[in-house]
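Structure assessment
So the chains spell out like this:
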Amino acid sequence: MARYALRRFAFLLVSLALASVVLFVLLRMLPGDPANALTAVGATDEQIAAARASIGSDRPLLEQFVHWIGQLVRGDLGTSFVSSLPVGPEVTTRLRVTLPLTLAAFVLAVLIAVPAGFLAAHKRRTWYGALLNGVSQLGIAIPVFWLGMILVVVLAVNARWFPAGGFPPDGWAQPGEAVRSLVLPVITIALVMSASLIRYVRSAALDVLGSDHLRTARALGSSFGGAMWRHGLRNASVPVISILGIELASTLLGAVVVESVFALPGLGSLLTTGITQHDYPVIQGVLFVSTLAVLLIGFAADLVQRIVDPRLRAGLSGGPR
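Because the structure is predicted, anything quoted here is derived from the model rather than measured. (Residues numbered from 1 in each chain as written. Predicted model: local features only at pLDDT ≥ 70, side-chain atom pairs only at ≥ 80, totals over all residues. Heavy atoms only, no water.)

**Some words on the overall build of the chain**
What counts, and what does not: Numbering of helices and strands runs from the N terminus, with a helix taken as a DSSP run of H or I at least four residues long and a strand as a DSSP run of E at least two residues long. When a residue's accessible area, from a 1.4 Å probe over protein chains only, is under 20% of the maximum for its type it is buried; when over 50% it is exposed; and in between it is partly exposed. Throughout, a residue-residue contact means that at least one pair of heavy atoms, one from each residue, lies within 4.5 Å.
Counting secondary structure elements, the chain contains twelve helices and zero strands. In the chain, the order of α-helices and β-strands from amino to carboxyl end is α-α-α-α-α-α-α-α-α-α-α-α. Taken across its 321 residues, the chain has 40% of its residues classed as buried. Put simply, 70% of the contacts in the chain that link residues at least 6 apart link residues at least 24 apart.

Here it is, written out as structure tokens:
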């Protein structure tokens, strides 16, 4: 298992290096000149050339890439072209909003989807089992931004239970206000995510419910709950774990939409600002950190799968799969 973890970690590093190359090249292929954000309208050619020299965009691409990689190796995400501030501390500050938002929504979605998915599978021939399945299908079709706006109108504007958007200027120095400002975004993401997860949990549970070992356990006198706990839960969790990793990664990447709806100062708004201003260091920093997070989530999900399922561990040691 340790050897496999080292191989997977080495693969993660190679993937991160390749992603860095692709990210750098694609950004330089985008139309627009970052020097334009530093000069006034109608700037002369000399002024634009001076701006390019000040940010280093006039240097050969290979030299720029080597400089950026050297910064990454030292843990430096560079300096913003526009604000002249280090990108790393700014990304860290924005993560204090994006990470709690993503993790809280993920936990709430799992708490909703796992029991609802098992219930939809176990009671699939009842009206409420069919209702759960239908609601999950409907939830998948609802755009997250539309659901967010509906919650703002109902719970913020009309009921006035929560703020319609924004985040306390002092951040988590005001924990009560910070939590209140994240409630609606968390609910928005969790409802959409749980709708998708319910389908996967239901499918995994149906496979377990129709398995021979579960029927044998029931025939030997085990209750349904006991048989599921001892023989079905682990088998059902293996495919769901990979889906959970994918959903968590996609939620982190897709937080830009929800953060825009609720005017949250997270990674999404920082990325949007960077794109608007052609601020390459900001864009590269946000996307690099997001890519690293996605790769780490996939790495963790892969290891958890092998911890949960002995058959995968047997395959690692050369035994039968």
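**Observations concerning unusual backbone geometry**
A positive phi angle, close to 55°, is found at arginine 160, a residue other than glycine. Note on placement: arginine 160 falls in the loop between helix 6 (144-158) and helix 7 (175-209). Arginine 160 gets classed as exposed once you look at its relative accessible area, which sits at 70%. With a phi close to 55°, alanine 263 is a non-glycine residue in the positive phi region. Locating alanine 263 in the fold gives a position in the loop between helix 9 (224-261) and helix 10 (267-276).

**So, the confidence of the model for the chain**
Applied cut-off: Here pLDDT means the predictor's own confidence in every residue, given as a number from 0 to 100.
Confidence in the prediction for the chain averages 79 pLDDT; 83% of positions are at 70 or higher. Here helix 12 (residues 310-316) stands out as the element of the chain with the lowest mean pLDDT, 56, in contrast to helix 4 (residues 87-122), whose mean of 87 is the highest.

**A look at the packing of helix 1 (residues 2-29) against helix 3 (residues 61-73)**
Going by this rule: Simply put, an axis is a line fit to the C-alpha atoms, just over the touching stretch for a helix, and the angle between two N-to-C directions goes from 0 to 180 degrees. Roughly parallel means an angle under 35 degrees; roughly antiparallel, over 145; roughly perpendicular, 65 to 115; everything else is oblique. It is the rotation of the near helix from the far one that decides the hand of a crossing: anticlockwise by less than a right angle makes it left-handed, clockwise makes it right-handed.
The N-to-C vectors of helix 1 and helix 3 enclose an angle of 135°; their axes lie 11 Å apart at closest approach. The pairing of helix 1 with helix 3 is recorded here as oblique in orientation. When the axes of helix 1 and helix 3 are compared, the crossing they make is right-handed. Residue-level contacts link Ser20, Val21, Leu23, Phe24 and Arg28 of helix 1 to Leu61, Gln64, Phe65, Trp68, Ile69 and Leu72 of helix 3.

**Let's talk about the side chain of serine 194**
Relative to the elements of secondary structure, serine 194 occurs in helix 7. On the basis of relative accessibility, which here comes to 4%, the residue serine 194 falls in the buried class.

**Remarks on the pattern of salt bridges**
To keep things clear, this is the line we draw: Criterion for a salt bridge: a side-chain nitrogen of Lys or Arg within 4 Å of a carboxyl oxygen of Asp or Glu.
For the structure on display, the rule yields three salt bridges. A salt bridge links arginine 94 to glutamate 90, with the shortest nitrogen-to-oxygen separation between them at 2.8 Å. Within this pair, arginine 94 and its partner glutamate 90 are both found in helix 4, separated by four residues, close to a single helical turn. Owing to a relative accessible area of 17%, arginine 94 belongs among the buried residues under this scheme. Owing to a relative accessible area of 29%, glutamate 90 belongs among the partly exposed residues under this scheme. Linking arginine 180 and glutamate 177 is a salt bridge whose minimum nitrogen-to-oxygen distance equals 3.6 Å.

**A short note on helix 2 (residues 45-55)**
The α-helix advances 3.6 residues per turn, and as a result positions three or four apart in sequence lie on the same side. For clarity, the cut-off: For this quantity, the arc is that covered by the directions from the helix axis to the C-beta atoms.
Those residues of helix 2 that sit buried are Ile48, Ala51 and Ile55. Taken around the axis of helix 2, the buried residues stretch over an arc of 60°, which confines them to a single face. Along helix 2, exposed side chains directed more than 90 degrees from the buried face belong to Asp45 and Glu46. Positioned one or two residues after helix 2, glycine 56 has a phi angle of 85°, which is positive.

**Looking at the packing of aromatic side chains**
Formally: Classification of ring pairs rests on two measures: the distance between centres of Phe, Tyr or Trp rings, Trp counted by its six-membered ring, which must be within 6.5 Å, and the angle between planes, read as stacked under 30 degrees, edge-to-face over 60 and tilted in between.
The full count for this structure, using the stated rule, is six aromatic pairs. Ring geometry for phenylalanine 167 against tryptophan 172: centres 5.9 Å apart, planes inclined by 70°, an arrangement best described as edge-to-face. Here phenylalanine 167 falls in the buried class, since its relative accessible area comes to 16%. Ring pairs connect the aromatic residues Phe24, Phe65, Trp68 and Phe288, which therefore count as one cluster.

**Some details on the nonpolar core**
Here is the rule: For the purposes of this section, nonpolar cores are sets of buried Ala, Val, Leu, Ile, Met, Phe, Trp, Tyr and Cys residues that join through side-chain atoms within 4.5 Å.
Judged by nonpolar contacts, the single largest core of 34 residues is most densely connected at Leu182, Leu197 and Leu264. Elements with a minimum of two residues in this core: helix 4, helix 6, helix 7 and helix 9. In terms of residue count, the dominant contributor to this core is helix 7 (eleven residues). In contact with leucine 182, other than residues within four places in its own chain, are Val97, Pro100, Leu101, Phe167, Trp172 and Leu264. In this structure, Leu23, Trp68, Leu77 and Val286 belong to the second largest nonpolar core, which totals 18 residues.

**A look at helix 4**
As a reminder of what qualifies: Here the expected span of a helix is defined as 1.5 Å times the quantity of residues minus one. One axis fitted to the seven residues ending at a residue, another fitted to the seven starting there: the angle between these axes is the bend at that residue.
In this model helix 4 runs 50 Å from its N-terminal to its C-terminal C-alpha over 36 residues, within 8% of the 52 Å that 1.5 Å per residue would give. The largest bend along helix 4 reaches roughly 35° and is located at leucine 95.

**Focus on the packing of helix 4 against helix 5 (residues 127-141)**
Cut-off, in case you're wondering: For this classification, Asp, Glu, Lys and Arg are treated as charged, while Ala, Val, Leu, Ile, Met, Phe, Trp, Tyr, Cys and Pro are nonpolar and the rest, including Gly, are polar.
Where helix 4 meets helix 5, the closest approach of the two axes is 8 Å, and the angle between their N-to-C directions is 130°. It follows that helix 4 is oblique to helix 5 by the angle criterion. For the element pair helix 4 and helix 5, the recorded crossing hand is left-handed. In contact with Ala116, Leu119 and Ala120 of helix 4, helix 5 contributes Tyr128, Gly129 and Leu132. Within the contact of helix 4 with helix 5, the residues separate by chemical class into five nonpolar, one polar and no charged.

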